[in-house]
Each structure stands twice: as structure tokens, then as C-alpha cells.
Amino acid sequence: MLNLPLVNDVLALRVSGLYHDLGGYIDRIDMPNGVTLDVGALLGLPPGVIPILGTGPLPASKDINSEVTSAGRASLLWNASERLTFEASFMTQQLDAAGRNTSVGGVAGVGELETNFVKAEKVEDDFDLGNLTISYDLGWARLFSSTSRYKRTRDVTADTNDLGEAIFPTATIGRAHV
């Protein structure tokens, strides 16, 4: 954090920021037979009513839940008079994650910090927030106004393989022979 008095007791600037890089610690297991799902059989339908879905071989992948976050904040305080102050601030944050911090340990063939997710996951989350605060001392009370505006863009790709296993615990999802 950096505090800069620009004009003594009248105008000041504060700036702060962060950068965080998490390398990841969850691995996707090797699935040489890929993933197959026979939805028709799960629903008790005759063979061929619903096509069997399959992916083909899926290689192991290390540290699939890496994440990088960066953020910054700046604020400017102006004491326009002994009774009137203005503060403008802006905050921004960007998060890019290669996957969720979720492992499915306890499923056959999957270890404690491992997952069997098929789809490559990602989270991209960008957030900006601006604010203007005005304060006026009336002597007997303080008149205060705070106005903000934000913008958030979030893009998430998630594998719901774990949800499928919870709904259909007997489903063979490419790991029956592990």
C-alpha cells in the first residue's frame, strides 16, 4: 500500500495491489479407456434407444487447478473545505483459474488429491468497482452520499461428472476396470 499526501491536509492518494499465483495441486487421473456413458441402460431403456456417449482415451494431467489473481485499488480524498469532502475510488480484480479446487477422492480408482473430470475446466472472473462519496458537515448532522457502479464478467466451464456419479452411483464412467 502506498499513501501519498499530495497537498497537506487537503488532497491525498492511496494505491494498493496484489498478485497471487497458485500453482495447483489436484491431478486428473489417466483414463486410457476414456469415459463412456450408457444413459439408456441407466434409465432402463432397450439398447440403442439413446446412443452410448464416449470420449476416447484421456491422459493424466498434473496441477489442473492452478489460479492467478491480480487486483488493485486507488482512492483519492479531497477535503474541499473543513465541512465538505469528496472521495473517489476504483477497484479492479482479475481471476483466471484452470479448474476448481475439487477432488473426487473416494470414487473407485481416484486418490485424495485427484479427480476424474473429463472436461477441461476454467474460471475467468473480471470485476471493476468505482465509487464516489461526498460528505458535508451541517453542524448538527452529516449529509452523506455514496454512489457506486460495478461491472463483472464471469466465464465458467465446469465438469459435472461428480454430479452424475451422485445421481447414478452404479454408472460405469470409464473406470470399471481400474
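Note on numbering: residues in each chain are counted from 1, in written sequence order. Reporting in this predicted model follows two pLDDT cut-offs: at least 70 for local features of residues, and 80 or more for side-chain atom pairs to be given and counted; totals over whole chains, interfaces and linings ignore these cut-offs and use all residues. To get the side-chain values, take all heavy atoms of the structure and skip hydrogens and water.

Within the chain one finds 2 helices and 10 strands. The numbering of helices and of strands both runs from the N terminus, where a helix is a DSSP run of H or I of at least 4 residues and a strand a run of E of at least 2. Secondary structure of the chain in N-to-C order comes out as β-β-β-β-α-β-β-β-β-β-β-α. Residue burial is assigned from relative accessible area. The probe radius is 1.4 Å, only protein chains are included, and a residue is buried under 20% of its type maximum, exposed over 50%, and partly exposed in between. The burial tally for the chain puts 22% of its 178 residues in the buried class. Contacts were defined at the residue level, with two residues in contact if any of their heavy atoms lie within 4.5 Å. Across the chain, the fraction of contacts at a sequence separation of at least 24, relative to all contacts at a separation of at least 6, is 65%. Computed with a 1.4 Å probe, the accessible areas rest on the Shrake-Rupley method; for each residue, only the protein chains presented here act as cover. Split by element, the accessible area of the chain, about 11600 Å² in all, is 58% carbon and sulfur.

Whenever a carboxyl oxygen of Asp or Glu lies within 4 Å of a side-chain nitrogen of Lys or Arg, that contact is scored as a salt bridge. Evaluation of the coordinates by the stated rule reveals 5 salt bridges. Across the pair D125 and R152 runs a salt bridge, and its minimum N-O distance is 2.6 Å. With D125 in strand β9 (residues 122–137) and R152 in strand β10 (residues 142–157), this residue pair connects regions lying 27 residues apart in the sequence. For D125, a relative accessible area of 10% puts it in the buried group. One salt bridge connects R154 with D125, and the closest N-O pair in it is separated by 3.0 Å. Remark: D125 occurs in strand β9 and R154 occurs in strand β10; sequence separation between them is 29 residues. Connected through salt bridges with shared partners, the residues K122, E124 and D155 form a single ionic network.

Attention shifts here to the confidence of the model for the chain. Every residue carries a pLDDT, the predictor's confidence in it, which falls somewhere between 0 and 100. Per-residue confidence for the chain averages 83 on the pLDDT scale, and 83% of its residues sit at or above 70. Considering only residues more than four positions removed or in separate chains, one finds that residues 172–178, a stretch of pLDDT under 50, has 20 contacts.

Centres within 6.5 Å are what make two rings of Phe, Tyr or Trp a pair, Trp counting through its six-membered ring; a difference in plane orientation under 30 degrees is then read as stacked, over 60 as edge-to-face, and the rest as tilted. Inspection of the entire model under this criterion finds 2 aromatic pairs. Look at W78 and F86: their rings are 5.2 Å apart centre to centre, the planes differ by 20°, and that puts the pair in the stacked class. The partly exposed category is assigned to W78, whose relative accessible area is 41%. On the accessibility criterion, F86 (22% relative accessible area) is partly exposed. Ring plane angle 25° and centroid distance 5.9 Å describe the contact between F127 and Y150, whose orientation is recorded as stacked. Of the two residues, F127 sits in strand β9 while Y150 sits in strand β10, which places them 23 residues apart along the sequence.

Between any two strands, pairing holds if DSSP finds at least two bridges. In spatial order, the strands read β1-β2-β6-β7-β9-β10; together these 6 strands make up an open sheet with antiparallel pairing. Both outer strands of the open sheet, β1 (2–7) and β10, are each paired with one neighbouring strand and no more. Strand-to-strand twist across the sheet, computed as the mean angle between neighbouring axes with direction ignored, equals 10°. Between the N-to-C directions of two axes lies an angle of 0 to 180 degrees, each axis being a line fitted to C-alpha atoms and, for a helix, fitted only over the stretch in contact.

So, about the pairing of β9. In this structure, strand β7 (residues 84–97) lies alongside β9, joined through 14 bridges in antiparallel fashion. Paired with S89 across the strands is N131, a residue of β9. Here 16 bridges tie β9 to β10, and the two strands are oriented antiparallel to one another. Residue pairing in the sheet places E124 in a bridge with D155 of β10. Here β9 hands over to β10 after 4 residues, with G139 in that stretch at a positive phi of 95°.

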